[in-house]
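What follows is the residue order along each chain.
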Amino acid sequence: MEKIEEVEYYLVINGTIDRSRSYVLERDAMNAALNRETKDVIIAVETFTREFIKVY
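Here goes a summary of the coordinates provided.

How each quantity is defined
- Per chain, residue numbering runs from 1 following the sequence as it is written.
- For a predicted model such as this one, the threshold for reporting local features is a pLDDT of at least 70, and the threshold for listing and counting side-chain atom pairs is 80 or more; totals across whole chains, interfaces and linings nevertheless cover every residue.
- Hydrogens are left out, water is left out, and the side-chain values use all remaining heavy atoms of the structure.
- Among buried residues, those of type Ala, Val, Leu, Ile, Met, Phe, Trp, Tyr and Cys that are joined through side-chain atoms within 4.5 Å constitute a nonpolar core.
- We call a residue buried when its accessible area falls under 20% of the maximum for its residue type, exposed when it is over 50%, and partly exposed in between, using a 1.4 Å probe and counting protein chains only.
- It only takes one pair of heavy atoms within 4.5 Å for two residues to be counted as in contact.
- Strands qualify as paired when DSSP identifies two bridges or more between them.
- Secondary structure follows DSSP: runs of H or I at least 4 residues long count as helices, runs of E at least 2 residues long count as strands, and numbering of each begins at the N terminus.
- Angular values range over 0 to 180 degrees, each being the angle between N-to-C directions of two axes fitted as lines to C-alpha atoms, with helices fitted over their stretch in contact.

Judged by nonpolar contacts, Tyr9, Leu11, Ile13, Tyr23, Ala29, Ala32 and Ala33 together constitute the single largest core of 7 residues. Ignoring anything within four residues of it in the chain, the contact list for Ala32 reads Leu11 and Tyr23.

Here's what the structure looks like:
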């Protein structure tokens, strides 16, 4: 079995997670947060693992 861990970053704007856009790199999420005119922006990190099973 092979496991792959993936990380996605989302912006939290005024207490609500904006899942319409996800970022793969922390740097991209940080740039997007800095470009927002709203001062209440947080970056949420979501980590999940995918498991692949070989079938013969």
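Having seen the model, we can carry on.
Here 3 strands make up an open sheet; going across it, the order is β2-β1-β3 and the pairing antiparallel. At either margin of the open sheet sits one strand with a lone partner, and together these are β2 (16–23) and β3 (41–52). Across the sheet, the mean angle separating the axes of adjacent strands is 35° when strand polarity is ignored. Pairing of strand β1 (residues 2–13) with β3 involves 12 bridges; the strand directions are antiparallel. Counted as the bridge partner of Val12 is Ile42 from β3. Against the sheet, helix α1 (residues 26–35) touches β1, β2 and β3, its axis set at about 10° to β1.

Distances and angles like these do not, on their own, reveal function.
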